[in-house]
Amino acid sequence: PTFKFGVEDYLADTPAWAVAGAEEEGFDPTDNRHRKKKKHPKYTKFDDDGIPTHDTFDEPLDESEILKLRNLMNEKKKLVGAATTVTELQGGERVIDDASLMFRGLTVSR
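These remarks concern the structure in this document. The structure displayed is predicted, hence computed values, not measured ones.

The rules we used
Residues numbered from 1 in each chain as written. Predicted model: local features only at pLDDT ≥ 70, side-chain atom pairs only at ≥ 80, totals over all residues. Heavy atoms only, no water. Helix = DSSP H or I, 4+ residues; strand = E, 2+ residues; numbered from the N terminus. Buried < 20%, exposed > 50% of the residue type's maximum accessible area, 1.4 Å probe, protein only. Contact = heavy atoms within 4.5 Å. Areas by Shrake-Rupley, 256 points an atom, 1.4 Å probe, with all protein chains shown as cover. Lys, Arg positive; Asp, Glu negative; His and termini not counted. Charge placed at Lys NZ, Arg CZ, Asp CG, Glu CD. Phe/Tyr/Trp six-rings, centres within 6.5 Å; stacked < 30°, edge-to-face > 60°. Lys NZ or Arg CZ within 6 Å of the ring centre and 35° of its normal. Salt bridge = Lys/Arg side-chain N within 4 Å of Asp/Glu carboxyl O. Patch = residues over 30% accessible without salt bridge, like charges linked within 9 Å, V, L, I, M, F, W, Y side chains within 5 Å. Pairing = 2+ DSSP bridges.

**So, the overall build of the protein chain**
Secondary structure assignment for the protein chain yields 2 helices and 6 strands. For the protein chain, the α and β elements follow one another from N to C terminus as α-β-β-β-α-β-β-β. In the protein chain, buried positions account for 15% of the 110 residues. The long-range share in the protein chain, meaning contacts at least 24 apart out of those at least 6 apart in sequence, stands at 36%. Carbon and sulfur atoms make up 51% of the accessible area of the protein chain, which amounts to about 9,500 Å² in all. Taking the average place of the 17 positive charges on the side chains of the protein chain and the average place of its 22 negative ones, the gap between the two points comes to 6 Å.

**Overview of the packing of aromatic side chains**
Here the structure, examined in full by the defined rule, presents 1 aromatic pair. On the numbers, 6.2 Å between centres and 85 degrees between planes, the contact of Y43 with F103 is edge-to-face. Here Y43, found in strand β2 (residues 43–46), pairs with F103, found in the loop between β5 (94–97) and β6 (107–109); they are 60 residues apart in sequence, far enough to count as distant. There is no split in this pair, since Y43 and F103 are both buried. Lying across the ring of F46, R104 places its NZ or CZ 3.9 Å from the centre.

**Topic: the pattern of salt bridges**
Enumeration according to the criterion identifies 5 salt bridges in this entry. Salt bridges here are not isolated pairs; linked through shared partners, they connect D47, D49 and R70.

**Examining the side chain of H54**
Checked against the element boundaries, H54 lands in strand β3 (residues 52–55). For H54, a relative accessible area of 17% translates into the label buried. If sequence neighbours within four positions are ignored, H54 has contacts with K42, Y43, T44, K45, E59, P60 and L61.

**With respect to the environment of G6**
Locating G6 in the fold gives a position in the segment before α1 (7–11). Considering only alpha carbons, one finds G6 and K68, 62 residues apart in sequence, at a separation of 46 Å.

**Overview of a nonpolar patch on the surface**
On the surface, V86, I96 and L101 cluster together to form a nonpolar patch covering roughly 280 Å² of accessible area. Checked against the element boundaries, I96 lands in strand β5.

**Some remarks on the pairing of β3**
Where β2 lies against β3, 3 bridges are found, and the strand directions are antiparallel. Residue pairing for β3: K45 is matched across the bridge by H54. What sits between the antiparallel neighbours β2 and β3 is a turn of 5 residues, in which G50 has the positive phi angle 95 degrees.

Take a look at the structure:
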């Protein structure tokens, strides 16, 4: 099924099925909330070309790891070119292809 939520759904009274003790069993207010682990940037520092130089703990990357990442970026540049391209999709969403941004926005959970 497809659901669409609007502002009204967040302002509405709690439905009868969601109340503790309801025949449908509702929600138990004593249940513990399960939180997701927090996301942290995979890389914290970058050189002028956008190659990561420090990991999530702000520790410097090994030269071999930096070389590996530089090679990955060079492969990406072969595919998309060195320039930035922006493609606008229906609904206003934009897709940005820029090899120098490929390592930014990556996260790890801890």
